[in-house]
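Inside the fold
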Amino acid sequence: MLEVHSVSKYFGGLGALKEVDLRVNEGEFVGLIGPNGSGKTTLFNVLTGVLKPTSGKITFMGHDIIGLIPDKICHLGIARTFQIPRPFKTMSVVENVMLGVMFGGRYSTRSGEDARQEALRCLDNIGMKVTEATMPGELGVAGLRRLELGRALATRPKLLLLDEVISGLNAEEISEATSVLKRIKDEMGITIIWVEHIMGPLMNLVERVIVLDYGEVIAEGTTSEVSRDERVIEAYLGAE
Amino acid sequence: MKRLANLPTGILLFILLFVIIFPFAGLPLYFTHTIILIFIWGAVTTAWSYMGRFWMISLCHGAWVGIAAYITVLLFNFYHLSPWVGMWLGLLAVAIAAGVIGYACFRFGLVGHYFAVTTLVVTELVALVIIAFRDITEGRLGITVKPLGTAPLYFQFESKVPFYFMALGLLLLSLYIWRKIDQSKMQKALTAIEEDEVAAASIGINVVRNKTTVAVVSAVIAGMGGVVYAQYIMYLNPVTTIAIGASLAYVFMAIVGGMFTLWGPLIGAIIITGLQEYIRITFGTVLMGWAWVGYGFIIVVMIIFLPKGLYGTLIETLHKRRMQKAARESATP
């Protein structure tokens, strides 16, 4: 579904991504981990067209997506959440999600009532209880992260990129959020790449883990394989 | 807010009737003249606010007015091409210029002050080009439309009445487009873009296309204002119709009236044009220049104390009061 061939991204002399190769199959739930500054968010920005890679090739469902603008990539079926939630603050929560419904699909002509119903369904799907008048400013961290998720899902993606959707949440909120992610994957059949710092829930949920360090893929495999990998331990804990 | 942006239909019909009868009421011609100017500037300022309400502050609407007007007038003066035909070429030029400049700015993410400053440069550039080609444009002295008396086929009338209705038509067109944009999907897209371009793009909103489209529509309507103005006044001057002073006037009108409402820009045009004319007539010969200091002072005060404009603030206050009343009534059944 998604193939990344030796993608590099340099900011001046700093290599945020160096010759990254990775592949995600349809229906997979992949965890993307790595220490701070290892290039996870940069990779998301490259995948969604926010940043143009210095070199390399990315294909998504047969389309070469390098050089495409972010909205085109969204229309092809890649949606993302932001690490720091970026809601449209002047609009209600429902309106935020409605925008995803109205503009997300390539042939989206839905308007008004239709979009509102779909937005409400979408919020209901992810277990978010808000009234029509709830504004993003009234939400806590958990609510804002959930809104990010709802707005991204409203665009009807095939591939969902999650950037730290559970950080800053308490234990109860985390277990709620992870059950939502499970549902998105199992019931909606959406492929997910999940970036996270909190290892426990991630390791429980994902089928495969990719580890980035200093912009390079240093390990890849099932959760148990990766957690035994020496280079991973070294990257996280330092060499002996 | 949307409903409050509309006046009740009864009042609207009354105003419309009044406006239609007005030029035949036998009032001094000077009144009709001022009203025509208000209609034209009201139309241009409303067009300016298509963008302005999304915080795309254009300082080059004078340039769009001027480009359309100059092309129309030059084609007529040199090739005897009827302004009815020439104006379309002028408007086409405006559309292309606004499209190219808009695309360039939005593609490279120029927002806020940077966008405003870039458009300011465009305005000055257009004015300077016109001044530089003085063999054709007569430069700083300004150009006069060759008079033909009353020649409807050449967009010339000795009476003010045809201009009055053309300017009124243009104003209604401009207001109509404001409403159309307000009710469209584009309004939602632009609101999202104004808040957060990256987030908007991430959910499939085409940032550059939406912004460029609204910039071109806004510029073309401003260009139409320029054409009507040129044919009415029969004289164009690069400094007074294009350069920074002229371009800023639209911004002032929109701000003073209130740029987030349908009627705000028109009300701003009424206030500023009225103020300009009043000051010019009353103090113009007495206190030379000081009149404009007063004008500037009034604008500064209004911008500081009524940032949402006179009409915008009025609407907001009424809305708040209504909400309070409703709250009080529901609290005490």
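As a reminder, the structure under discussion sits directly above these lines.
Anyway, here's the lowdown on the structure attached to this text. Everything numeric here is computed off the predicted structure, so don't read it as measured data.

What follows is about the overall build of chain A. On a plain count of helices and strands, chain A comes out with 9 helices and 10 strands. Taking 2.2 N^0.38 as the reference for a compact globule, 240 residues should give roughly 18 Å; the C-alpha atoms of chain A span a radius of gyration of 18 Å, in line with that estimate. When burial is assessed residue by residue, chain A has 54% of its 240 residues classed as buried. Contacts in chain A between residues far apart in sequence, at least 24 positions, make up 66% of those at least 6 positions apart.

Each helix and strand counted, chain B has 15 helices and 2 strands in total. Computed over its C-alpha atoms, the radius of gyration of chain B comes to 21 Å, within 12% of the 20 Å expected for a compact globule of 333 residues. Taken along the three principal axes of its C-alpha coordinates, chain B extends 75 × 50 × 40 Å. Within chain B, the fraction of its 333 residues that count as buried is 50%. For chain B, contacts bridging at least 24 residues in sequence account for 77% of all contacts bridging at least 6. With the model as given, the accessible surface of chain B reaches about 16,100 Å², and the carbon-plus-sulfur share is 74%. Each charge class in chain B can be summarised by its mean position, and for the 21 positive and 12 negative side chains these summaries are 8 Å apart.

With that settled, consider the packing of helix α3 (residues 61–79) of chain B against helix α4 (residues 83–107) of chain B. Residues and elements named next belong to chain B. Where α3 contacts α4, the two axes come as close as 8 Å, and the packing angle between them is 145°. In this structure, the crossing between α3 and α4 has a hand that is right-handed. In this structure, α3 contributes Trp64, Ile67, Ala68, Ile71, Thr72, Leu75 and Phe76 to the contact, and α4 contributes Pro83, Gly86, Met87, Leu89, Gly90, Leu91, Ala93, Val94, Ala97, Ala98 and Ile101. Tallied by class, residues from the contact of α3 with α4 come to 15 nonpolar, 3 polar and no charged.

Another aspect to go through is the sheet that holds strand β5 (residues 63–64) of chain A. Within a sheet, each strand pairs with its neighbour through backbone hydrogen bonds, oriented either parallel or antiparallel. All names here are of chain A. Taken in spatial order, the 4 strands line up as β2-β1-β4-β5 in an open sheet, and their pairing is antiparallel. Taken across any chain shown, the strands that pair with only one partner, and hence form the sheet edges, are β2 (14–24) and β5. One ladder, built from 5 bridges, connects strand β1 (residues 2–11) with strand β4 (residues 55–60); its direction is antiparallel. Looking at the pairing, Val4 lines up with Ile58 of β4. Taken strand by strand, helix α1 (residues 40–47) contacts β1, β2 and β4, and its axis lies near 115° from that of β1.

At a minimum axis separation of 11 Å, helix α3 (residues 93–104) of chain A and helix α8 (residues 185–195) of chain B run at an interaxial angle of 120°. Here α8 of chain B runs oblique to α3 of chain A, going by the angle between their axes. Considering the relative orientation of α3 of chain A and α8 of chain B, their crossing is left-handed. Across the interface between the two elements, Leu99, Met102 and Phe103 of chain A from α3 of chain A touch Lys185, Lys188, Ala189 and Ala192 of chain B from α8 of chain B. In the contact of α3 of chain A with α8 of chain B, the residues fall into 5 nonpolar, no polar and 2 charged.

It is worth spelling out the interface of chain B and chain A at this point. Across the contact, 17 residues belong to chain B and 23 residues belong to chain A. Across the interface of chain B and chain A, roughly 1,700 Å² is buried in total on both sides, 67% from carbon and sulfur atoms. For the pair chain B and chain A, the number of links is 1 salt bridge. Contributions of two or more residues to the side of chain B that touches chain A are made by α8 and α9 (197–202) of chain B. Looking at the side of chain B that touches chain A element by element, the count peaks at 6 residues for α8 of chain B.

Residues and elements named next belong to chain A. Secondary-structure assignment places Lys9 in strand β1. Among buried Asp, Glu, Lys and Arg side chains, Lys9 stands out as unpaired, with Glu19 the closest opposite charge at 14 Å. Among the polar contacts listed, one links the side chain of Lys9 to the backbone oxygen of Lys52, at a separation of 2.9 Å. Sequence-distant contacts of Lys9, that is, excluding residues within four places in its chain, are made with Leu14, Gly15, Ala16, Leu17, Thr42, Val46, Lys52, Pro53 and Thr54.

In this section: the pattern of salt bridges. Residue and element names in this part refer to chain A. Inspection of the entire model under this criterion finds 13 salt bridges over all chains. One salt bridge connects Arg208 with Glu220, and the closest N-O pair in it is separated by 2.5 Å. Of this pair, Arg208 sits in strand β9 (residues 208–213) while Glu220 sits in strand β10 (residues 216–221); the two residues are 12 residues apart in sequence, bridging distant segments of the chain. Accessibility expressed as a relative area gives 15% for Arg208, which makes it buried. In this structure, a network of salt bridges that share partners links the residues Glu28, Arg208 and Glu220.

With that settled, the discussion passes to the sheet that holds strand β3 (residues 29–33) of chain A. All names here are of chain A. Taken together, 6 strands build an open sheet; the order of strands is β6-β7-β8-β3-β9-β10 and the sheet is mixed. A strand with exactly one partner marks an edge of an open sheet, and here the two such strands are β6 (78–80) and β10. Across this sheet, the average inter-strand angle for adjacent strands is 20°, counted without regard to direction. Bridge count for β3 against strand β8 (residues 191–195) is 4 bridges, and the pairing is parallel. Within β8, the position partnered with Phe29 by the bridge is Ile192.

Here we come to the pairing of β2 of chain A. Residue and element names in this part refer to chain A. By the bridge criterion, 7 bridges tie β1 to β2 in an arrangement that is antiparallel. Within β2, the residue paired with Phe11 across the bridge is Leu14. Following β1, the chain reverses through 2 residues before pairing antiparallel with β2; Gly12 in that reversal takes a positive phi of roughly 65°.

Moving on, we come to the environment of Met91 of chain A. Along the polypeptide, Met91 of chain A turns up in the loop between β6 and α3. For the pair Met91 of chain A and Ala133 of chain A, spaced 42 residues apart in the sequence, the C-alpha separation amounts to 9.2 Å. Contacts of Met91 of chain A, omitting those with residues within four sequence positions, involve Asn96, Leu99, Met135 and Pro136 of chain A together with Lys188, Thr191, Ala192 and Glu195 of chain B.

Time to look at unusual backbone geometry. The phi torsion at Arg156 of chain A lies on the positive side, around 55°, for a residue other than glycine. One non-glycine residue, Met234 of chain B, lies in the positive phi region at around 65°. Checked against the element boundaries, Met234 of chain B lands in the loop between α10 (207–233) and β2 (235–236).

Residue and element names in this part refer to chain B. Reported here for the second largest pocket is a volume of approximately 680 Å³. Lining the second largest pocket are 24 residues, and of these Ile15, Val19, Leu171, Trp263 and Leu266 sit closest to its centre. If one sorts the elements of the lining of the second largest pocket by residue count, helix α7 (residues 161–183) sits on top with 7 residues. Counted by class, the lining of the second largest pocket contains 22 nonpolar, 1 polar and 1 charged residues.

About the criteria used
- Residues numbered from 1 in each chain as written.
- Chains lettered and ligands numbered in written order.
- Predicted model: local features only at pLDDT ≥ 70, side-chain atom pairs only at ≥ 80, totals over all residues.
- Heavy atoms only, no water.
- Helix = DSSP H or I, 4+ residues; strand = E, 2+ residues; numbered from the N terminus.
- Rg over C-alpha atoms; globule rule 2.2 N^0.38 Å.
- Buried < 20%, exposed > 50% of the residue type's maximum accessible area, 1.4 Å probe, protein only.
- Contact = heavy atoms within 4.5 Å.
- Areas by Shrake-Rupley, 256 points an atom, 1.4 Å probe, with all protein chains shown as cover.
- Lys, Arg positive; Asp, Glu negative; His and termini not counted.
- Charge placed at Lys NZ, Arg CZ, Asp CG, Glu CD.
- Axes fitted to C-alpha atoms, helices over the stretch in contact; angles between N-to-C directions.
- Left-handed = near helix turned anticlockwise from the far one by under 90°.
- Nonpolar A, V, L, I, M, F, W, Y, C, P; charged D, E, K, R; others polar.
- Pairing = 2+ DSSP bridges.
- Parallel < 35°, antiparallel > 145°, perpendicular 65-115°, else oblique.
- Buried area = accessible area lost by both parts, 1.4 Å probe.
- Salt bridge = Lys/Arg side-chain N within 4 Å of Asp/Glu carboxyl O.
- Polar contact = N/O pair within 3.5 Å; in protein donor to acceptor, adjacent residues only side chain to side chain.
- 1 Å grid on protein atoms, 1.4 Å probe; cavity = no way out; pocket = protein on both sides within 12 Å on 5 of 7 lines; lining within 4 Å.
- Points joined across faces, edges and corners; volume = space filled by probe spheres on them.

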